[in-house]
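Structural overview
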Amino acid sequence: MSAEPIEVTGRTCVEFAALLRRRGLAIGPEQTTAFYGALHLLGQVGLRELYWAGRVVLANQREQYPIYTAAFAEFFGPPSDDDHGLPAPPRDRPLVAVDREAGAPGTPTARPGEPEQEADEARVVPSDIRLLKVKSFAHMDADERRRAAALLRDLRPELPRRRGRRRRPAPTGPHLNVRGLLRASLRTDGEPMRLPRRRVPSRERPLTLVIDVSGSMGPYALALLRFGHAMLHAGHRVEVFTIGVQLTRITGSLRRTSVDAALRRIGREVDDWDGGTLLGTAVRDLVDRFGGHAAVRGAMVVMCSDGLDRDDPETLGSAMRDLSRRAHRVVWLNPLKGDPRYRPLQRGMAAALPHVDVFLAGHNLVSFEAMCTALTRRRVA
C-alpha cells in the first residue's frame with residue numbers, strides 16, 4: 001500500500017473496532033468515537049498516521065500492541081516499503097484471545113504432550129476478565145467457572161456495623177470503669193493513679209444467605225455458595241440456608257476448609273436440590289425458627305431466587321414482610337433480571353418485591369459486585 005492519503009469513514013472505524021473486539025481487545029463505543037474524532041482532527045492521513053492514531057486510542061497496554069498490529073495489517077493491508085515507521089505484524093505469537101462463538105474469553109491452553117512453554121505464550125488481557133464478569137454463570141464452561149471462583153474469593157464487602165449492648169473496658173471512652181478503678185487502687189493503697197474507661201463497642205452485622213436450590217437455580221446457587229464460603233473463612237459472621245421445598249441450614253458444612261469438600265457435603269445434606277420450589281413455606285419456616293436469632297434479627301439478608309414459586313403468593317408476601325421487619329436489610333438476587341426484557345410479574349415475585357430493599361440481578365460477577373455495594377452502603381435509595 002502506498003503512502004497516499006486514506007479516506008476513513010465512520011463505518012470503517014466501527015468495522016475496525018469490531019475486528020479488534022474479536023481479537024480480544026475491550027473496545028467500547030467511547031473509544032470508537034474518539035478514534036474517528038482523532039482522524040477528523042488530523043485531516044488527511046496516510047497509513048502511518050492512521051496506525052499510530054488507532055494505537056494511541058484503541059490499544060493502551062503493552063501486551064495489546066502485537067494484537068493491534070496484526071489486526072491493523074489484516075484490515076488495512078500490510079505496510080509497503082514506503083510506509084516507514086510501521087511495525088511489521090507479528091508471526092510467532094497466537095493473537096486470537098477471544099472465542100466469539102462461545103461468547104466468552106478463551107486463551108490457548110497446552111494440550112497433552114505439548115511443551116509447557118507454548119502454553120505460556122498465551123497472554124490474558126484485561127478484556128478476558130471483563131468478558132468473564134458479564135457472562136452468565138449458567139453459560140460458563142469448567143475453566144471459566146474456575147476463574148470465576150477465584151474472582152468470587154476476592155469480593156470483600158465491608159458489612160455495616162451496629163452498636164453492642166454492653167460496655168467493655170477500653171483505653172478511651174465516655175464512661176468511667178468504676179470496677180476497674182477500685183481493683184487498680186488496691187495496688188496503690190487506695191489511691192487511684194489512673195482512670196480506666198469503658199465504651200460500647202460496635203460489631204459487624206451478620207450476613208445471611210438464603211439460596212434457592214431448585215432446578216432452574218443450580219449454577220447461580222453454586223456461585224453464591226462459593227461466595228458464602230469465602231466470606232465465612234474471611235472471618236465474617238455468616239449464616240447460609242438453602243430453600244426449595246424446605247429450609248435447610250448448611251452453615252456447618254461450609255466451615256470445611258476446602259470449598260469443594262464443603263459443596264460435596266452440602267449435596268448430600270440438601271434433599272431438595274434440583275427439586276421444586278415452595279418459597280413461601282420455606283421463608284415462613286426461616287422467620288418462625290430463626291426470627292429471634294442473629295441469623296435474621298438485625299442481619300443483612302441476601303435471598304437468591306428466580307421467584308418461580310408453586311406456593312401461595314400470599315404466604316410468601318406475609319413471610320417476606322415479617323422477614324423485612326426483623327432484618328436490617330433484605331437484598332434479593334434474581335438471575336432473570338439479567339435480561340433487559342424481564343419484568344417481575346410472577347405472582348410470587350410481585351408479592352415479595354414490596355418488602356425487598358434492593359432488587360438486583362444475580363446471574364454474573366457484575367451483579368455480585370453490585371450486591372457487595374448494596375451491602376456496604378449505609379442507606380439504600
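In short, a report on the structure.

Rules behind the numbers
- Residues numbered from 1 in each chain as written.
- Predicted model: local features only at pLDDT ≥ 70, side-chain atom pairs only at ≥ 80, totals over all residues.
- Heavy atoms only, no water.
- Pairing = 2+ DSSP bridges.
- Helix = DSSP H or I, 4+ residues; strand = E, 2+ residues; numbered from the N terminus.
- Axes fitted to C-alpha atoms, helices over the stretch in contact; angles between N-to-C directions.
- Contact = heavy atoms within 4.5 Å.
- Core = buried A, V, L, I, M, F, W, Y, C linked by side-chain atoms within 4.5 Å.
- Buried < 20%, exposed > 50% of the residue type's maximum accessible area, 1.4 Å probe, protein only.
- Expected span 1.5 Å × (residues − 1).
- Phe/Tyr/Trp six-rings, centres within 6.5 Å; stacked < 30°, edge-to-face > 60°.
- Lys NZ or Arg CZ within 6 Å of the ring centre and 35° of its normal.
- Salt bridge = Lys/Arg side-chain N within 4 Å of Asp/Glu carboxyl O.

1. Details of the sheet that holds strand 9 (residues 238–243)
- In space, the six strands of this open sheet follow the order 10-9-8-11-12-13, with mixed pairing throughout. In the strand order of this sheet, the two ends are held by strand 10 (247–249) and strand 13 (358–360), each with one partner. In this sheet, neighbouring strand axes are inclined to one another by 20° on average, regardless of whether the strands run parallel or antiparallel.
- Of the pairings in the sheet, the one linking strand 9 to strand 10 comprises three bridges and is antiparallel in character. Across the sheet, the residue bridging to Thr 242 is Thr 248, located in strand 10.
- Lying on the sheet, helix 15 (residues 365–376) is in contact with strand 8 (207–212), strand 11 (300–304), strand 12 (329–333) and strand 13; it crosses strand 12 at an angle near 170°.

2. Here we look at the nonpolar core
- If you look at the biggest cluster of nonpolar residues, it comprises 42 residues, and the most contacted ones within it are Leu 207, Phe 227, Phe 368 and Met 371.
- Per-element accounting of this core gives the leading share, eight residues, to helix 9 (residues 218–233).
- Contacts of Phe 368, omitting those with residues within four sequence positions, involve Phe 137, Leu 152, Leu 155, Ala 223, Leu 224, Phe 227, Leu 333 and Gly 362.

3. Concerning helix 3 (residues 47–58)
- Here helix 3 spans 16 Å end to end across twelve residues, near enough to the 16 Å set by a 1.5 Å rise per residue.
- Listed as buried for helix 3 are Leu 47, Leu 50, Tyr 51, Ala 53, Gly 54, Arg 55 and Leu 58.
- In the core, the buried residues of helix 3 are packed alongside helix 1 (10–22), helix 2 (29–42) and helix 4 (65–76).

4. With respect to the sheet that holds strand 5 (residues 175–176)
- Read from one edge of the open sheet, three strands run 4-6-5, paired in antiparallel fashion. This sheet does not close on itself; its edge strands, each paired only once, are strand 4 (168–170) and strand 5.
- Note that strand 5 and strand 6 (residues 197–199) share two bridges and pair antiparallel. Each residue of the ladder has a partner; that of Leu 176, found in strand 6, is Arg 197.

5. Considerations on the packing of aromatic side chains
- For the structure shown, the criterion picks out 14 aromatic pairs.
- Measuring from ring centre to ring centre gives 5.8 Å for Phe 16 and Tyr 68, while their planes differ by 65°; the resulting arrangement is edge-to-face. Linking Phe 16 in helix 1 with Tyr 68 in helix 4, this pair joins segments that are 52 residues apart in sequence.
- Given a relative accessible area of 0%, Phe 16 falls into the buried group.
- Relative accessible area serves as the criterion here: at 0%, Tyr 68 is assigned to the buried category.
- With 5.0 Å between their ring centres and 90° between their planes, Tyr 51 and Trp 52 make a pair best called edge-to-face.
- Tyr 51 sits in the buried class, given a relative accessible area of 1%.
- Taking relative accessible area as the criterion, Trp 52 reaches 34% and is therefore assigned partly exposed.
- Through pairs of rings, three or more aromatic residues link up here, namely Phe 16, Phe 35, Tyr 51, Trp 52, Tyr 68, Phe 72, Phe 75 and Phe 76.
- A cation over a ring is seen here: Arg 55 above Tyr 65, with NZ or CZ 3.8 Å from the ring centre.

6. A closer look at the pattern of salt bridges
- Applying the stated criterion across every chain yields a total of twelve salt bridges.
- Between Arg 284 and Asp 288 there is a salt bridge, with the nearest N and O atoms lying 3.5 Å from each other. Residue Arg 284 and its partner Asp 288 are located together in helix 12 (residues 279–290), separated by four residues, close to a single helical turn.
- Residue Asp 288 is classed as exposed on the basis of its relative accessible area of 54%.
- For the salt bridge of Arg 284 with Asp 322, the shortest nitrogen-to-oxygen distance reads 2.8 Å. Placement of Arg 284 in helix 12 and of Asp 322 in helix 13 (residues 313–326) is noted, with a sequence separation of 38 residues between them.
- Connected through salt bridges with shared partners, the residues Arg 284, Asp 288, Asp 322 and Arg 325 form a single ionic network.

By themselves, these observations are geometric and do not establish any function.
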